[in-house]
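Spelled out, the chains give:
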Amino acid sequence: MSDYRVSHLAALEAEAIFIIREVVATCQRPVLLFSGGKDSIVMLHLAQKAFAPAPVPFPVMHVDTGQNFDEVIEFRDRRVASTGVQLVIASVQDAIDRGLVTEPPDGTRNRIQTPVLLEAAEKYQFDALFGGARRDEEKARAKERVFSFRDDFGQWDPKNQRPELWNIYNGRVHPGEQIRVFPLSNWTELDVWRYIGEQEIELPPVYFAGPREVVERDGMLYAVNRFITPRDGEEVFTETIRYRTVGDANLTAGVRSEAATIEQIIAEVAATRITERGATRGDDKTSEAAMEDRKREGYF
Amino acid sequence: MTDAATLAPHGAEDTTELLRFATAGSVDDGKSTLIGRLLFDTKTLFEDQWESVTAVSAGRGDEYTDLALLTDGLRSEREQGITIDVAYRYFATPERKFIIADTPGHIQYTRNMVTGASTADLALILVDARKGLVEQSRRHAFLCSLLRVPHMVLCVNKMDLVDYDEAVFKQIEQEFSAFATKLDVPDLTVIPVSALKGDNVVTRSENLSWFEGPSLLHHLEKVHIASDRNLVDARFPVQHVIRPHSNDNHDYRGYAGQVASGVMKPGDEVMVLPSGFTTRIAAIETADGEVEEAFPPMSVTVRLEDELDVSRGDMLCRPGNQPRVSQDVDALVCWMDESKPLRLRGKYAVKHTTADVRAIVKDVQYQLDVNTLHRDESASELRLNEIGRVTLRTTKPLLCDDYRRNRATGGFIIIDESDNRTVGAGIIV
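Every chain's residues receive numbers from 1 upward, in the order its sequence appears when written. Here chains are named by letter from A upward and ligands by number from 1 upward, in the order in which they appear as written. Reporting in this predicted model follows two pLDDT cut-offs: at least 70 for local features of residues, and 80 or more for side-chain atom pairs to be given and counted; totals over whole chains, interfaces and linings ignore these cut-offs and use all residues.

Participant: Is there a simple way to think about the overall build of chain A in this case?
Facilitator: In terms of helices and strands, chain A carries 9 helices and 10 strands. To get the radius of gyration, use the C-alpha atoms; to get the globule rule, take the number of residues to the power 0.38 and multiply by 2.2 Å. A compact globule built from 300 residues should have a C-alpha radius of gyration of about 19 Å, and chain A, at 19 Å, falls within 12% of that. With respect to the principal axes defined by its C-alpha atoms, chain A has extents near 55 × 55 × 40 Å. When burial is assessed residue by residue, chain A has 53% of its 300 residues classed as buried. The contacts in chain A between residues at least 6 apart in sequence include a share of 74% that link residues at least 24 apart. Per the convention used, a helix needs a DSSP run of H or I reaching at least four residues, while a strand needs a run of E reaching at least two, with both numbered from the N terminus. Exposure in this text rests on C-beta crowding, where 20 or more other C-beta atoms within 10 Å of a residue's own make it buried, 12 or fewer make it exposed, and counts in between make it partly exposed. The C-beta atoms are placed from the backbone. This entry defines residue contacts through backbone-placed C-beta atoms, with two residues in contact when those atoms are within 7 Å.

Participant: Would you take a moment to explain the sheet that holds strand E8 (residues 220-223) of chain A for this structure?
Facilitator: Two modes of strand pairing occur in sheets, parallel and antiparallel, and in both the strands are linked by backbone hydrogen bonds. Strands are treated as partners if at least two bridges between them are detected by DSSP. A sheet is described by the order of its strands in space; here 4 strands give the open sequence E8-E7-E9-E10 (chain A), paired in antiparallel fashion. Across the chains shown, the open sheet's two edge strands, defined by having one partner strand only, are E8 and strand E10 (255-256) of chain A.

Participant: Which parts of the structure should I look at to understand the environment of Leu231(B)?
Facilitator: The residue Leu231(B) is located in the loop between helix H8 (216-222) and strand E7 (235-237) in this model. Separated by 65 residues in sequence, Leu231(B) and Pro296(B) have C-alpha atoms that sit 7.8 Å apart. Sequence-distant contacts of Leu231(B), that is, excluding residues within four places in its chain, are made with Tyr4(A), Gly262(B), Val263(B) and Phe295(B).

Participant: Explanation requested: the interface of chain A and chain B in the structure shown.
Facilitator: A common way to state how big an interface is: give the accessible area lost once the parts meet. Contact residues are listed per partner, giving 56 residues for chain A and 59 residues for chain B. Every element with two or more residues in the side of chain A that touches chain B is listed here: helix H1 (8-26), helix H2 (38-51), helix H6 (189-199) and helix H7 (262-271) of chain A. Looking at the side of chain A that touches chain B element by element, the count peaks at 11 residues for H1(A). Its residues placed into classes, the side of chain A that touches chain B shows 27 nonpolar, 10 polar and 19 charged. Three classes are used: nonpolar for Ala, Val, Leu, Ile, Met, Phe, Trp, Tyr, Cys and Pro, charged for Asp, Glu, Lys and Arg, and polar for all others, with Gly counted as polar.

Participant: Whenever I open this one, the sheet that holds strand E1 (residues 30-33) of chain A confuses me. Can you help?
Facilitator: Residue and element names in this part refer to chain A. Strand order in the open sheet formed by 6 strands is E3-E2-E1-E4-E6-E5, with mixed pairing between adjacent strands. With one partner strand each, in any of the chains shown, strand E3 (87-91) and strand E5 (147-150) form the two edges of the open sheet. Averaged over all pairs of adjacent strands, the angle between strand axes in this sheet comes to 30°, irrespective of strand direction. Here E1 runs beside strand E2 (residues 60-64); their pairing, made up of 2 bridges, is parallel. If you follow Leu33 over to E2, its bridge partner there is Met61. An axis is simply a line fitted to the C-alpha atoms; with a helix, the fit covers only the stretch in contact. Between two such axes, the angle follows the N-to-C directions and lies from 0 to 180 degrees. Strands E2, E3, strand E4 (128-130) and strand E6 (178-181) of the sheet are contacted by helix H5 (residues 113-124), whose axis makes an angle of about 135° with E3.

Participant: Honestly, the pairing of strand E6 (residues 188-192) of chain B in this entry has me stumped. Any pointers?
Facilitator: Residue and element names in this part refer to chain B. Note that strand E5 (residues 151-157) and E6 share 5 bridges and pair parallel. Paired with Val156 across the bridge in E6 is Pro192. Handedness rule for crossovers: strands pointing away from the viewer, path from the first strand over the helix to the second running clockwise, crossover right-handed. One crossover worth recording links E5 to the parallel E6 by way of helix H7 (residues 166-181), and it is right-handed.

Participant: Got a minute to help me understand unusual backbone geometry in this structure?
Facilitator: Note: most residues except glycine have negative phi, and most peptide bonds are trans. Looking along the chain, the bond that leaves Ala52(A) and enters Pro53(A) is cis, with omega of 5°. Within the secondary structure, Pro53(A) sits in the loop between H2 and E2. Look at the link from Leu273(B) to Pro274(B): it is a cis peptide, with omega at 10°. As for its placement among the helices and strands, Pro274(B) is situated in the loop between strand E10 (269-273) and strand E11 (278-286).

Participant: Looking at this structure, how should I read the environment of Tyr366(B)?
Facilitator: Tracing the sequence through the fold places Tyr366(B) in strand E18 (residues 355-368). Taking the C-alpha atoms as reference points, Tyr366(B) and Thr42(B), separated by 324 residues in sequence, lie 46 Å from one another.

Participant: Would you mind showing me how to read the packing of H1(A) against H2(A) here?
Facilitator: The relative placement of two packed helices is expressed as an angle between their axes plus a distance between the axes. All names here are of chain A. At a minimum axis separation of 9 Å, H1 and H2 run at an interaxial angle of 75°. Between H1 and H2, the angle falls in the class roughly perpendicular. Of the residues in H2, those touching H1 at Glu13, Ala16, Ile17, Ile20 and Arg21 are Leu46, Ala47, Lys49 and Ala50. For classification purposes, an angle smaller than 35 degrees is called roughly parallel, one larger than 145 roughly antiparallel, one from 65 to 115 roughly perpendicular, and anything else oblique.

Participant: Looking at this structure, how should I read the domain arrangement of chain A?
Facilitator: Residue and element names in this part refer to chain A. As far as domains go, chain A holds domain 1 (8-190 + 289-296) and domain 2 (201-284). Averaged C-alpha coordinates put domain 1 and domain 2 at centres separated by 24 Å. Listed as interface residues are 23 residues of domain 1 and, on the opposing side, 19 residues of domain 2. Secondary structure elements with two or more residues in the side of domain 1 that touches domain 2: H2, helix H3 (70-83), H6 and helix H9 (290-296). Per-element accounting of the side of domain 1 that touches domain 2 gives the leading share, 4 residues, to H2. In terms of residue class, the side of domain 1 that touches domain 2 is built from 8 nonpolar, 9 polar and 6 charged. Domain limits in this description derive from either an automatic procedure or a database domain assignment.

Participant: Which parts of the structure should I look at to understand the domain arrangement of chain B?
Facilitator: Residue and element names in this part refer to chain B. The assigned domain composition of chain B is domain 1 (17-227), domain 2 (235-317) and domain 3 (324-428). The interface is formed by 12 residues belonging to domain 2 together with 10 residues belonging to domain 3. The class makeup of the residues in the side of domain 2 that touches domain 3 is 6 nonpolar, 4 polar and 2 charged.

The following block contains the structure:
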């Protein structure tokens with residue numbers, strides 16, 4: 001330490017902690033979007049570090065599609081209990097039952113999450129919503145600010161973003177408007193895995209390779225579960241897979257992998273040649289501007 | 001494209017340093033091709049990204065794959081074939097992890113250039129070897145020097161189109177060096193490359209055997225940045241007060257923040273501004289335990305020996321080395337709002353370090369032409385992308401240093417109080 005240098009992971013951690021503290025100091029009612037996915041787990045870990053020895057001073061919220069991996073929900077509840085934070089669940093199933101949103105014919109609930117998220121934000125008057133999104137994930141995200149302003153309708157206007165200079169963040173909003181905050185903006189997938197390894201952060205088992213019953217659909221491997229049933233002509237076979245991202249169980253594909261430990265995953269991620277969303281998310285393949293369009297509607 | 005088997009596949013050891021660099025130049029200069037080349041040759045570009053770009057490019061009938069499609073992420077950018085906003089890109093080698101702030105080059109995007117340069121350790125300016133220095137290159141160099149980017153690299157691109165002629169390169173190098181001396185650029189390196197052919201981007205090239213300097217990537221990996229930080233003037237803007245309200249930590253009171261500059265150690269005598277009280281640092285903590293010293297960019301929690309009234313926006317410094325404490329601030333301001341200009345007597349919110357104040361524009365001294373550096377002293381307002389020197393009077397004193405000496409305590413943003421938008425950036429002179 002005598003030469004006053006820090007590693008790049010330490011620099012990224014310091015930046016994220018600064019951002020999280022800045023939100024708590026300047027916004028009225030922050031909330032952390034927490035799905036039990038690895039990025040949100042890292043976010044909760046950073047939030048704990050930012051305010052130690054005090055507890056995390058904001059609740060976490062899960063926009064629950066009802067189509068999650070069981071292991072992830074089990075992990076979510078256990079992690080929340082051990083942290084002592086309040087968990088707010090915004091239920092998509094409940095919103096469908098109330099008629100707020102209509103389930104699309106194909107059963108994918110990714111897009112109808114947005115009105116549910118916005119309704120919950122309004123109900124609880126959340127003015128700052130932390131997300132674990134990273135700029136390396138997708139090219140619309142590569143353009144988004146760390147503090148991303150959303151209007152009364154939760155919409156992102158990519159052509160009218162607030163300039164963001166130095167480490168001076170502008171989190172001012174009028175009532176009804178929000179800031180979406182992305183403390184992991186400058187992290188890459190590999191950084192996240194290295195940090196998980198370095199900090200010994202616990203993850204749900206779906207991230208580690210294991211034998212699972214799968215079907216191959218559009219070139220991707222989907223585990224057979226409550227939400228994925230084999231279609232006519234689809235063959236069910238056993239494959240050793242793990243998940244690089246964890247979204248809805250009916251949308252997220254696994255990748256062939258033998259990586260059963262963090263070290264093995266880091267080695268595999270370092271050598272991989274396909275982005276994590278490209279490899280595993282059916283929902284992002286729709287069009288060149290799929291993510292930009294969803295963000296304009298208020299999606300994270 | 002060339003094989004770079006010696007490079008780790010977008011991986012790096014945990015002890016690597018972080019280098020942030022901003023690129024400036026237009027699509028015509030081959031900037032996107034250069035970035036694409038860096039990503040491709042360091043094996044950072046993923047196959048599905050490459051397939052997506054080649055497919056879109058082929059679909060449009062392009063003769064070759066347009067690497068700009070990698071960085072131009074917004075629909076309107078792809079439609080218009082221009083870069084509108086700063087895009088961030090990431091790659092790593094065994095030596096370093098890099099964050100690229102890819103900024104648009106046209107004058108109407110000066111604010112984006114300023115934004116990208118504000119956090120950069122290094123600025124990479126591109127010129128086309130056939131065209132030499134143009135107005136835009138000089139403007140970019142000026143803006144980077146204004147924002148005190150510590151290192152500047154001029155990349156003379158498209159050397160393949162001038163037959164790798166050393167004389168062409170020398171001519172541009174001399175012209176730019178002469179210009180740079182007027183700008184106070186601390187460290188300038190000029191490198192000939194061909195982004196399209198890959199000459200001297202990642203590896204040195206036979207075609208440029210007369211060039212004795214490093215390849216671009218080698219320079220980015222080796223340029224010494226550790227001493228760019230100000231490690232002399234201890235400045236700790238208090239961000240948040242941590243008080244746990246629990247029985248275990250009943251009397252705990254910690255001041256959370258990120259070290260702006262200087263080095264702090266337990267036992268150091270510190271002064272709290274603006275109150276002026278002095279005390280000593282009892283401990284410097286992180287969630288992982290106490291640390292022996294804190295320096296930029298560490299985020300820490302400082303505990304003091306005495307119970308003083310310290311709150312967000314206050315600053316810890318050394319009694320013998322204090323920032324300026326002043327309500328009258330002279331600054332160069334870059335205006336960033338398209339709808340309303342900065343006006344004399346205008347009132348705004350100002351955010352400086354962790355302090356929020358209000359300010360009134362007392363004087364617009366001059367507007368600066370970013371191409372000619374001519375000062376127009378008749379100006380009374382600043383419009384979008386204009387830079388000028390103004391005098392502000394703030395409601396509370398700013399705890400600040402000259403931006404030249406301290407980027408962290410010398411910069412501020414200006415916010416329109418009616419709609420909360422960030423409308424300007426200021427650097428204190």
